[in-house]
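One letter stands for each residue in the lines below.
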Amino acid sequence: MAEPMGEKYDAYAKRTDAPMAALALIFLVVWSGRIIFAHSLPGGVRAAMLTVQGVIWAIFLTDLIIRTVISKRSWRFLWTHPLDVIAVLVPAARPLKVLTTFTQATAFATTRGRMKTMQAVILSVVLLLWIGSVAVLSAEREVADSAINTFGDALWWAFVTVTTVGYGDYSPISVQGRVIAVMMMLVGIALIGVVTASVAAWFVALTSGGEDEEEEAREATRHEELMERIAELEAKITRLADSSAPPAERADPERQ
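Keep in mind it's a predicted model, so treat the numbers as computed, not measured.

Describe the side chain of Ser174, with residues and values.
Note on placement: Ser174 falls in the loop between α6 (151-162) and α7 (175-244). Accessibility expressed as a relative area gives 14% for Ser174, which makes it buried. A polar contact of 3.0 Å, which involves the side chain of Ser174, links it to the backbone nitrogen of Gly177. Residues in contact with Ser174, not counting those within four places in the same chain, are Ala139, Glu140 and Val143.

Put into structure tokens, the structure is as follows:
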């Protein structure tokens, strides 16, 4: 469970989380378009895209500084919110903040939590594949002897890397490309682990569902028996009270 950061932080986060998520998606679209269509875009359009990226990056940096300052434990915030820091270092990765769903204590404890976790996993996989594809294309396209020259090549490489299949038909040869590959492999393994845990929790819930229903039925039966005994005791107490009352009161119970 995420560590509480204070009322000021909560109020600020409530106001800014949605706009920052929208800016993250805008950054992702602009960044992706600038790289994928780098050779077909006019110079002025590429310059405008770079300007938009710079402005959004500055907003991310400002947001991180504000959150760090107003949080209850400033430096602790940086340690416990790594995705916010990564979003400043690599702004295109900010949409991956949906991964914070996994840090909630109820992520696998309830049906709703498991459903929310699976939705976050699916969205995270799609974003990871997209971000990884664009990033490795940016790193490898201008490198001599590199096999990754188009977005299609990069997307195929991202699929086989995240799934840890690793056919080897496409592989990065630059340092930057290999760093991206390592990060994608690590995150891919983590996501596979989350999927496995979620499926296991789902099977456990299915197998224990019958036992839960039986336990609920037993509890209902015990409750009914208890209520019947209480009613019997109340009736006995009433009879005892009537038998111990004076004859006049028994004859006229409404008389006080």
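There's more to say after this.
Describe unusual backbone geometry, and please don't skip the residues or the numbers.
A negative phi angle characterises most non-glycine residues, just as the trans form characterises most peptide bonds. Backbone geometry at Asp145 places phi at a positive 70°, although glycine is not the residue there. Mapped onto the elements of the fold, Asp145 is located in the loop between α5 (111-140) and α6. The exposed category is assigned to Asp145, whose relative accessible area is 78%.

Explain the nonpolar core residue by residue, including any values.
Grouped together as the largest cluster of nonpolar side chains are 32 residues, with contacts concentrated most on Trp31, Phe60, Trp157, Ile180 and Met184. Broken down by secondary-structure element, the contributors of at least two residues to this core are α1 (7-36), α2 (43-70), α5, α6 and α7. Sorting elements by how many residues they give to this core places α5 first, with nine residues.

The rules we used
Counting starts from 1 at the beginning of each chain's written sequence and moves along it residue by residue. Local features in this predicted model are restricted to residues of pLDDT 70 or higher, and side-chain atom pairs are both shown and tallied only at a pLDDT of 80 or more, whereas totals for entire chains, interfaces and linings draw on every residue. Excluding hydrogens and water, the side-chain values take into account all heavy atoms of the structure. Secondary structure counts use DSSP, requiring at least four H or I residues in a row for a helix and at least two E residues in a row for a strand, with both numbered from the N terminus. Any residue under 20% of the maximum accessible area for its type is buried, any over 50% is exposed, and the rest in between are partly exposed; the area is computed with a 1.4 Å probe on protein chains only. By the criterion applied in these results, polar contacts are pairs of N or O atoms within 3.5 Å in which, for protein atoms, one can donate a hydrogen and the other can accept it, and in which residues neighboring in sequence qualify only through two side-chain atoms. Throughout, a contact is declared for two residues whenever any of their heavy atoms are within 4.5 Å. For this analysis, a nonpolar core means a set of buried residues of the types Ala, Val, Leu, Ile, Met, Phe, Trp, Tyr and Cys, connected via side-chain atoms within 4.5 Å.

Fair warning: the whole summary comes from geometry, so function is off the table for now.
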